[in-house]
Amino acid sequence: MNLLFLVLLGISYALILVAFGYAVTSSGSRLSPSDCGPFTGKDTIYQVVLDSVNTFPDVLKEIIRIISSPAIIALIFVVFGVFIYYYKLLKSSNEQKMKLLRQQIILTGKDKLYLMKKINSRAMEAEQ
C-alpha cells in the first residue's frame, strides 16, 4: 500500500512539474505574460530569470550554466535514486534485524522459565 501511494505521488509530482515548466517557459500566444505586472515586455516568464542571470559575473554565469545543464541534472537524479534505494535497503535490513532480536528476546525468556522450573524442581527434590 505504501509503494502504491509513493508511485501515485511521484506521478502526480512529475505531471505538475511538466505543467509548471510549460507555463513558465512557453512562448505561445496563450501563455504570454500580460501587459501589466512584473513580466511586461517579456516573451516568457522565464525571461526574467535569464535577464537576472545575465547581470551576474561571468564566472557565476558559467557555474549556473553548468549546473543547469541536462547532464548534471540527470546525474543529480541518479544520485538521489541511489541514495533512496540505499536507505530503503537499510530500512528493510534493520526491520529484519529487529524481528530477529525480538525472537531472541522471546527465546531468552523461555529459557529463563525453563531454568527456573528446573531449579524449583531440584529444590523440591532436595527438600524431600
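Note that residues are indexed from 1 along each chain, following the sequence as it is written. The predicted nature of this model means local features are confined to residues of pLDDT at least 70 and side-chain atom pairs, given and counted, to a pLDDT of 80 or more, with totals for whole chains, interfaces and linings taken over all residues. Note that the side-chain values use all heavy atoms of the structure and ignore hydrogens as well as water.

1. Notes on the overall build of the protein chain
Link 1 in the chain: Think of it this way: any DSSP run of H or I at least four residues long counts as a helix, any run of E at least two long counts as a strand, and we number them from the N terminus. Helix and strand counts for the protein chain come out as four helices and zero strands.
Link 2 in the chain: For the radius of gyration, the atoms used are the C-alpha atoms, and the globule rule reads 2.2 Å times the number of residues raised to 0.38. Against the compact-globule benchmark of 14 Å for 128 residues, the protein chain has a radius of gyration of 32 Å, which places it well outside the compact range.
Link 3 in the chain: With respect to the three principal axes, the spread of C-alpha positions in the protein chain is 105 × 35 × 25 Å.
Link 4 in the chain: Working definition: with a 1.4 Å probe on protein chains only, accessible area under 20% of the residue-type maximum means buried, over 50% means exposed, and in between means partly exposed. Split into buried and exposed, the 128 residues of the protein chain put 4% on the buried side.
Link 5 in the chain: Residue contacts follow a heavy-atom distance rule, with two residues in contact if any of their heavy atoms lie within 4.5 Å. Considering only contacts in the protein chain between residues 6 or more positions apart, those separated by 24 or more positions represent 0%.
Link 6 in the chain: Areas reported as accessible are Shrake-Rupley estimates using a 1.4 Å probe. Residue values count occlusion only from the protein chains shown. Element-wise, carbon and sulfur atoms account for 70% of the exposed surface of the protein chain, whose accessible area totals about 11,500 Å².

2. Overview of the confidence of the model for the protein chain
Link 1 in the chain: Known as pLDDT, the predictor's per-residue confidence is scaled from 0 to 100. Within the protein chain, residue pLDDT values average 85, and 91% of them lie at 70 or more.
Link 2 in the chain: When mean pLDDT is compared element by element in the protein chain, helix H4 (residues 70-127) scores highest at 91, while helix H2 (residues 46-54) scores lowest at 82.

3. Quick look at the pattern of salt bridges
Link 1 in the chain: Note on definitions: salt bridges are taken to be side-chain nitrogens of Lys or Arg within 4 Å of carboxyl oxygens of Asp or Glu. Applying the stated criterion to the full structure yields three salt bridges.
Link 2 in the chain: Of the charged contacts, one joins Asp58 and Lys61 as a salt bridge, the two residues approaching to 3.5 Å between their closest N and O atoms. Taken together, the residues Asp58 and Lys61, both in helix H3 (residues 58-67) and three residues apart, mark about one turn of the helix.
Link 3 in the chain: The exposure class of Asp58 is exposed, given its relative accessible area of 57%.
Link 4 in the chain: On the accessibility criterion, Lys61 (24% relative accessible area) is partly exposed.
Link 5 in the chain: Taking the shortest distance from any N to any O, the salt bridge between Arg65 and Glu62 comes out at 2.4 Å. Placement of the pair is Arg65 and Glu62 together in helix H3, with a separation of three residues, close to one helical turn.
Link 6 in the chain: Judged by relative accessible area, Glu62 falls into the partly exposed class, the value being 36%.

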